[in-house]
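# A closer look at the structure
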Amino acid sequence: MTQLAKFVYSPSYTQYDFGPSHPFNPLRLVATKSLIDTMGLLTPHDTIIPDLATFDELFLIHQPDYIDMVQRFQTYEDTLNPNLLRLAQDYGLGTEDDPVFPKMHQAGSLAVGGTLTAARLVASGQVLHALNIAGGLHHAKKASASGFCIYNDVAIAIKWLREHTSWKIAYIDTDAHHGDGVQEAFYDDPHVLTISLHETGQYLFPGTGSVEELGEGAGYGFSLNLPLRPYSDDESSLESLLSVVPQALAVFQPDLIVSQHGCDGHFWDPLTDLLASTYFYAQVPSLVDAWAHQFSQGRWIAVGGGGYELLRVVPRAWTLLWAQMIHQPLANSATIPSSWLEQWQSSSPEPLPRTFLDRLEDRPTTPSSFAITQQNRQTVYHLKQLVSWLQ
């Protein structure tokens, strides 16, 4: 009998740690797991511990020389070796975004292993839905780290699925940053549809993701981008998503949906300029769930991603995601358990929210919201003019 959902998690996920001053802090994973547990949304039967990805699995996307370089940082002494650090620069390592740390290969391989475990569970028919909150490392390239991402777990899992099934796969990315590494990996593949909703690269890393990036060769038209204007709110973001994704899925007819749920577009996030609230982060998984059951026989793999407001945003957003995956969506009035607040408040410099959905009085407003919405509509119109099957 097929189980509805599995939560892929390891306590060792915390080893993926660039240091206490780095925004990509594994504390958010521990706090999220803690909130899901406190809400009673997870049983031991629902949880599965992943193994490290093998070298052969990493080779599905990454070049051997890059993997070898990552693996060379095993000890603290290695991270201080000037000759090694000089060589690492060519691979995007040892930078401000991607500093080196001991055993980073093992930490990155475990994140990949989590998403591969999710892929195997769904591909085997054991479960319909699987979540790896430590995944979503969508910036890593074939031969370089990028944007806090060492190995690209999403691209590796999709490539593994393409080699072990005959499935067509739709990838939906709502992280505030463009899913450039996944797009690049399948830019010429007509069997993988990539859709990325993100803050425009005119102002935000990685500087890519324009509507003109449509794929190449046989994959032309199967890379879709929705770059949002800074300060886009829930309503405009959801309108943009709904203007493109359902029609794209109806034409593409995927056998599986993979979704990336970075929550760094939240108005409290320190690294981006979008104004999403946790209402958006409740609606997106609800929509993806419905699309999976409409188009891909319910098959759905979800991963985490960005999110740098570690305690006020990430745990709420990803608890809302998991609740939807197990078909126990939280009510709009759902509150955060006081025991969780007491446990984590001392780790937060700001008061922790007491409800899953942000209060209206906490949501910022901008006098330019109408103009921003109109600009986003123009972006959608431009994309539809470029891709005939979206019209």
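Presented here is a report on the structure given in the accompanying data block. Because the structure is predicted, anything quoted here is derived from the model rather than measured.

Procedures and definitions
Residues numbered from 1 in each chain as written. Predicted model: local features only at pLDDT ≥ 70, side-chain atom pairs only at ≥ 80, totals over all residues. Heavy atoms only, no water. Helix = DSSP H or I, 4+ residues; strand = E, 2+ residues; numbered from the N terminus. Buried < 20%, exposed > 50% of the residue type's maximum accessible area, 1.4 Å probe, protein only. Contact = heavy atoms within 4.5 Å. Salt bridge = Lys/Arg side-chain N within 4 Å of Asp/Glu carboxyl O. Phe/Tyr/Trp six-rings, centres within 6.5 Å; stacked < 30°, edge-to-face > 60°. Lys NZ or Arg CZ within 6 Å of the ring centre and 35° of its normal. Pairing = 2+ DSSP bridges. Axes fitted to C-alpha atoms, helices over the stretch in contact; angles between N-to-C directions. Left-handed = near helix turned anticlockwise from the far one by under 90°. Nonpolar A, V, L, I, M, F, W, Y, C, P; charged D, E, K, R; others polar. Right-handed = clockwise from strand over helix to strand, strands pointing away. Expected span 1.5 Å × (residues − 1). Polar contact = N/O pair within 3.5 Å; in protein donor to acceptor, adjacent residues only side chain to side chain.

### A look at the environment of Val-303
Checked against the element boundaries, Val-303 lands in strand S8 (residues 300-303). With a relative accessible area of 0%, Val-303 lands in the buried category. Sequence separation of Val-303 and Trp-318 is 15 residues, and the distance between their C-alpha atoms is 9.5 Å. The residues contacting Val-303, other than those within four sequence positions of it, are Thr-115, Leu-131, Asn-132, Gly-135, Gly-136, Asp-153, Val-154, Ser-259, Gln-260 and His-261.

### A closer look at the pattern of salt bridges
Inspection of every chain in the model, using the stated rule, returns 11 salt bridges. Between Arg-120 and Glu-57 there is a salt bridge; the shortest N-O distance is 2.3 Å. Taken together, the residues span a long stretch of sequence, with Arg-120 in helix H5 (residues 104-123) and Glu-57 in helix H2 (residues 55-58) at a distance of 63 residues. Assessed through its relative accessible area of 34%, Arg-120 is described here as partly exposed. Notably, a salt bridge pairs Lys-141 with Asp-180, separated by 3.1 Å at the nearest N-O pair.

### Regarding the packing of aromatic side chains
If you walk through the whole model with that rule in mind, you get 19 aromatic pairs. With 5.6 Å between their ring centres and 80° between their planes, Phe-148 and Tyr-308 make a pair best called edge-to-face. Taken as a pair, Phe-148 in the loop between strand S3 (127-132) and helix H6 (153-164) and Tyr-308 in the loop between S8 and helix H10 (314-325) lie far apart in primary sequence, 160 residues in all. Grouping aromatic residues by their ring pairs yields a cluster made of Tyr-16, Phe-18, Phe-24, Phe-101, Phe-148 and Tyr-308. Of note, Lys-168 hangs over the ring of Phe-252, and the distance from its end group to the ring centre comes to 4.7 Å.

### Brief notes about the sheet that holds strand S6 (residues 223-228)
On the basis of which strands lie adjacent, the open sheet formed by eight strands has the order S2-S1-S3-S8-S7-S4-S5-S6 and parallel pairing. Both outer strands of the open sheet, strand S2 (47-48) and S6, are each paired with one neighbouring strand and no more. Relative to S8, strand S7 (residues 256-260) runs parallel, the two being bridged by four bridges. The residue of S8 that forms the bridge with Ile-257 is Trp-300. Strands in contact with H5 are strand S1 (3-8), S2, S3, S7 and S8; relative to S3, the strand with the most contacts, it is inclined by about 175°.

### So, the packing of H5 against H6
Packed helices, taken two at a time, are described by the angle their axes make and the gap between the axes. Interhelical geometry of H5 versus H6 gives an angle of 30° and a closest axis separation of 9 Å. In this structure, the crossing between H5 and H6 has a hand that is right-handed. Touching Ala-111, Val-112, Thr-115, Leu-116, Ala-119, Arg-120 and Ala-123 of H5 are Asp-153, Ile-156, Ala-157, Trp-160 and Leu-161, all from H6. Across the contact of H5 with H6, the residue classes tally to nine nonpolar, one polar and two charged.

### Focus: the pairing of strand S5 (residues 192-199)
Judged by how many residues are buried, S5 sits mostly within the fold: eight of eight residues are covered. Taken together, the five bridges between strand S4 (residues 169-173) and S5 define a ladder with parallel strand orientation. If you follow Tyr-171 over to S5, its bridge partner there is Thr-194. You can see the chain leave S4, run along helix H7 (residues 180-185) and come back into S5, and the turn it takes is right-handed. Direction of pairing for S5 relative to S6: parallel, over a ladder of six bridges. Bridged to Leu-197 within S6 is Leu-226.

### Quick notes on H6
An α-helix turns once per 3.6 residues; consequently, residues spaced three or four apart project the same way. Relative to the 16 Å expected for 12 residues at 1.5 Å per residue, H6 spans 16 Å between its end C-alpha atoms, a close match to the ideal helical length. Among all positions in H6, only Asp-153, Val-154, Ala-155, Ile-156, Ala-157, Ile-158, Trp-160 and Leu-161 are buried.

### Describing the side chain of Asp-358
By the element assignment, Asp-358 lies in the loop between helix H11 (338-344) and helix H12 (369-386). A distance of 2.8 Å separates polar atoms of two side chains, one belonging to Asp-358 and the other to His-266. Among the polar contacts listed, one links the side chain of Asp-358 to the side chain of Arg-316, at a separation of 2.7 Å. Apart from the residues within four sequence positions on either side, Asp-358 is in contact with His-266, Phe-267, Trp-268, Ser-277, Thr-278, Arg-316 and Arg-363.

### Observations regarding the pairing of S4
Along any regular strand, the residues point their side chains to alternate faces of the sheet. With five of five residues buried, S4 is to be regarded as a mostly interior element. Bridging between S4 and S7 involves five bridges; their strand directions are parallel. For Ile-172, the partnering residue across the bridge sits in S7 and is Ser-259.

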